[in-house]
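Structural characterization, general
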Amino acid sequence: MKAYLDNAATTIPFPEVREIMMQTMETDYGNPSSMHQLGVDAEKYIKNAKEIIAKSLKVEEKEIVFTSGGTESNNQALIGTAFANKRKGMHLITTNIEHASIHNPMLFLEDCGFRVSYISVDKNGHVNMDELLDAICEETILVSIMYVNNEIGAVEDIASIAKKIKEKKKDLIFHVDAIQAYGKYPIYPKRMGIDLLSVSGHKIHGPKGIGFLYIKDKLKINPYIYGGGQQRGMRSGTENVPGIAGLGMAVKLIYENQEEKREKLYELKQYFIDKITLLEDIFINGMEDMDLKDTAPHVVSVCAKGVGSEVLLHALEDKGVYVSSGSACSSNHPALSGTLQAIGLEKQMVESAIRFSFSIFTTKEELDYAIVAMEELLPMLRRYVRK
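Keep in mind that what you see is a predicted model, and the values were worked out from it rather than measured. (Residues numbered from 1 in each chain as written. Predicted model: local features only at pLDDT ≥ 70, side-chain atom pairs only at ≥ 80, totals over all residues. Heavy atoms only, no water.)

**Section: the overall build of the chain**
Rules: Helix and strand definitions here come from DSSP, where helices need a minimum of 4 consecutive H or I residues and strands a minimum of 2 consecutive E residues; each element is numbered from the N-terminal end. Our radius of gyration looks at C-alpha atoms and nothing else; its globule reference is 2.2 Å times the residue count to the power 0.38. Should any heavy atoms of two residues lie within 4.5 Å, those residues are counted as being in contact. Only the protein chains shown count as cover for residues, with accessible areas throughout obtained via the Shrake-Rupley method and a probe of 1.4 Å. Just so you know, the count uses Lys and Arg for positive and Asp and Glu for negative, and it drops His and the chain ends. By convention, the charge on Lys lies at NZ, on Arg at CZ, on Asp at CG and on Glu at CD.
The helix and strand inventory of the chain stands at 13 helices and 12 strands. In terms of C-alpha radius of gyration, the chain reaches 21 Å, essentially the compact-globule figure of 21 Å for 387 residues. Across the chain, contacts joining residues at least 24 apart in sequence account for 73% of those joining residues at least 6 apart. Carbon and sulfur atoms form 51% of the exposed surface of the chain, whose accessible area is close to 17,200 Å². Separation of charge centres in the chain, based on 45 positive and 52 negative side chains, amounts to 4 Å.

Here is the structure:
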């Protein structure tokens, strides 16, 4: 048996996603910019996907720009907005638990002369609102805060944050990295005060290499990629029709009976926590005094005291249990998690953290199998810890 419990890293595509992608590659493979019928047929997939996505967010279709995924969406949101609005100010705000695709563009912008404030969080990963509001000044042009943290599953009150920061400075641009939130929650940018929203397809049972950026109409933002003027000049290049078609289908399916899907994930999460916390020296991160449903439904961060995360990860892999030691994007460059340090974990605990993450296809049998594997491995691995 195997247990794939790394769904925050990527998810298996829906069968319908695979089917529509094959159709665009085998039959409707035209260039959507071509004027002949094959091109027109290809363009229909783009229009249909855009309609589905816009409907899910209750926004206009022209406000959706397809990208290569979450990283590009985040980069375009930050860099494109910063340079387009730098005459208004050179100050940006984010938090100290953002994904690398936010943190590293911010470092780049600092090298370009912008000033960035990094706001702290509490022990559960929630933004320090007083600190955030105090950081806003006349020079501030953009605030970027993730909806759901990819490592510990902290959920920010995005609507409340938007309201408060815009009361402090009306023309602030608010960007939200919703890569771990979209598909799990109903998200309505116009109602919630979101100006820019980043999404990735492979987190919602869609294909890799595709995502989108919601850009509020009339928002001042520079293109990130220049060329033939596709997507109203905002993101040039021949559109990835198979990816876009697959993304549209994934959005359609993930938002069908969404509340039911979310409840299933919470049930799995509670089941898993109840069982794993029976094991010796196991600690759950980012949930102290928290109601389960105030955290993301699909992420559980666990510290197995006395065992290095990488050692445990590979030991579980040998048993067919697939997890992550944190953000999958940083797994090739192991370093102490900035998120876990930001919530106050000691170095020894940070070094022992692993992330379990679920999807609507996860079963209790997989969770049971993973628990048994942990139960067998931990005593053995702890024997080898240096005294």
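**A look at the sheet that holds strand S10 (residues 299–304)**
Spelled out, the test is: Pairing between two strands is assigned when DSSP locates at least 2 bridges connecting them. Inter-axis angles, ranging from 0 to 180 degrees, are taken between N-to-C directions of lines fitted to C-alpha atoms, where helices are fitted over the stretch in contact.
Strand order in the open sheet formed by three strands is S9-S10-S12, and the pairing between neighbours is antiparallel. Sheet topology places strand S9 (282–284) and strand S12 (353–357) at the edges, where each strand pairs with a single neighbour. Averaged over all adjacent pairs, the angle separating strand axes in this sheet is 30°, with direction ignored. Relative to S10, S9 runs antiparallel, the two being bridged by three bridges. Paired with Phe-283 across the two strands is Cys-303, which belongs to S10. Packed on one face of the sheet, helix H9 (residues 258–276) meets S9, S10 and S12 and runs near 10° to S10.

**Structural notes on the side chain of Lys-184**
Our working rule: With a 1.4 Å probe rolled over the protein chains alone, any residue whose accessible area is under 20% of its type maximum counts as buried; one over 50% counts as exposed, and the rest are partly exposed. Each salt bridge in this description consists of a side-chain nitrogen of Lys or Arg and a carboxyl oxygen of Asp or Glu lying within 4 Å of one another.
Its location among the elements puts Lys-184 in the loop between strand S6 (173–177) and helix H7 (189–192). Despite its burial, Lys-184 pairs with no opposite charge; the closest candidate is Asp-177, at 11 Å N-O. Excluding anything up to four places from it in sequence, Lys-184 contacts Lys-203, Gln-258, Arg-262, Leu-265, Pro-297 and His-298.

**Details of the packing of H9 against helix H13 (residues 364–383)**
For clarity, the threshold we go by: Small angles under 35 degrees read as roughly parallel and large ones over 145 as roughly antiparallel, with 65 to 115 read as roughly perpendicular and the rest as oblique. With the far helix as reference, a near helix turned anticlockwise by less than a right angle produces a left-handed crossing, and one turned clockwise produces a right-handed crossing.
Closest axis-to-axis distance for the H9/H13 pair is 10 Å, and the angle between their directions is 20°. When the interaxial angle is binned, H9 and H13 end up roughly parallel. Considering the relative orientation of H9 and H13, their crossing is right-handed. On the side of H9, the interface is formed by Glu-267, Leu-268, Tyr-271, Phe-272, Lys-275 and Ile-276, while H13 contributes Lys-364, Leu-367, Asp-368, Ile-371 and Met-374.

**Points about the pattern of salt bridges**
All chains considered together, the criterion is met by 18 salt bridges. Close ionic contact of Glu-60 with Lys-62 constitutes a salt bridge, the shortest N to O distance being 3.8 Å. With a shortest N-O distance of 3.4 Å, Lys-275 and Asp-368 are connected by a salt bridge. Taken together, the residues span a long stretch of sequence, with Lys-275 in helix H9 and Asp-368 in helix H13 at a distance of 93 residues. The class of Asp-368 is partly exposed, set by a relative accessible area of 28%. Put simply, Glu-60, Lys-62, Asp-217 and Lys-218 are held in one network by salt bridges that share partners.

**Some points on the sheet that holds strand S3 (residues 91–95)**
Strands sit in the order S2-S8-S7-S6-S5-S3-S4 across an open sheet of seven strands; the sheet is mixed. The sheet is open, and its two edges are formed by strand S2 (64–67) and strand S4 (115–119), each paired on a single side. Adjacent strand axes in the sheet meet at a mean angle of 20°, parallel and antiparallel pairs treated alike. In this structure, S3 lies alongside S4, joined through five bridges in parallel fashion. The residue of S4 that forms the bridge with Thr-94 is Tyr-118.

**As for the packing of aromatic side chains**
Filter applied, for reference: Aromatic pairs are defined between Phe, Tyr and Trp rings, using the six-membered ring for Trp, whenever the two ring centres lie within 6.5 Å; interplanar angles under 30 degrees are classed as stacked, those over 60 as edge-to-face, and all others as tilted.
What the rule picks out here adds up to seven aromatic pairs. Measuring from ring centre to ring centre gives 5.4 Å for Phe-83 and Phe-114, while their planes differ by 85°; the resulting arrangement is edge-to-face. In this pair, Phe-83 sits in helix H3 (residues 70–84) while Phe-114 sits in the loop between helix H4 (100–111) and S4, placing the two residues 31 residues apart along the sequence. Seen from their ring centres, Phe-272 and Phe-358 are 5.5 Å apart, and the 65° between their planes marks the pair as edge-to-face. Taken together, the residues Phe-272 in helix H9 and Phe-358 in the loop between S12 and H13 connect sequence positions 86 residues apart. Overall, Phe-272 belongs to the buried group, its relative accessible area being 0%. By relative accessible area, which is 1% here, Phe-358 ends up buried. Among the aromatic residues, ring-to-ring pairing joins Tyr-182, Phe-212 and Tyr-255 into one connected group.

**Considering H13**
Think of an α-helix as 3.6 residues a turn; residues three or four steps apart then line up on the same face. The test is simple: Take the residue count of a helix, subtract one, and multiply by 1.5 Å to get its expected span. Throughout, the bend at a residue refers to the angle made by two axes, fitted to the seven residues ending there and to the seven starting there.
For H13, spanning 20 residues, the distance from its first C-alpha to its last is 29 Å, which sits close to the expected 28 Å at 1.5 Å a residue. Along its length, H13 reaches its greatest deviation from straightness, about 30°, at Leu-377, and the proline Pro-379 lies no more than four positions downstream. Buried within H13 are the following residues: Glu-366, Leu-367, Ala-370, Ile-371, Ala-373, Met-374, Leu-377, Leu-378, Leu-381 and Arg-382.

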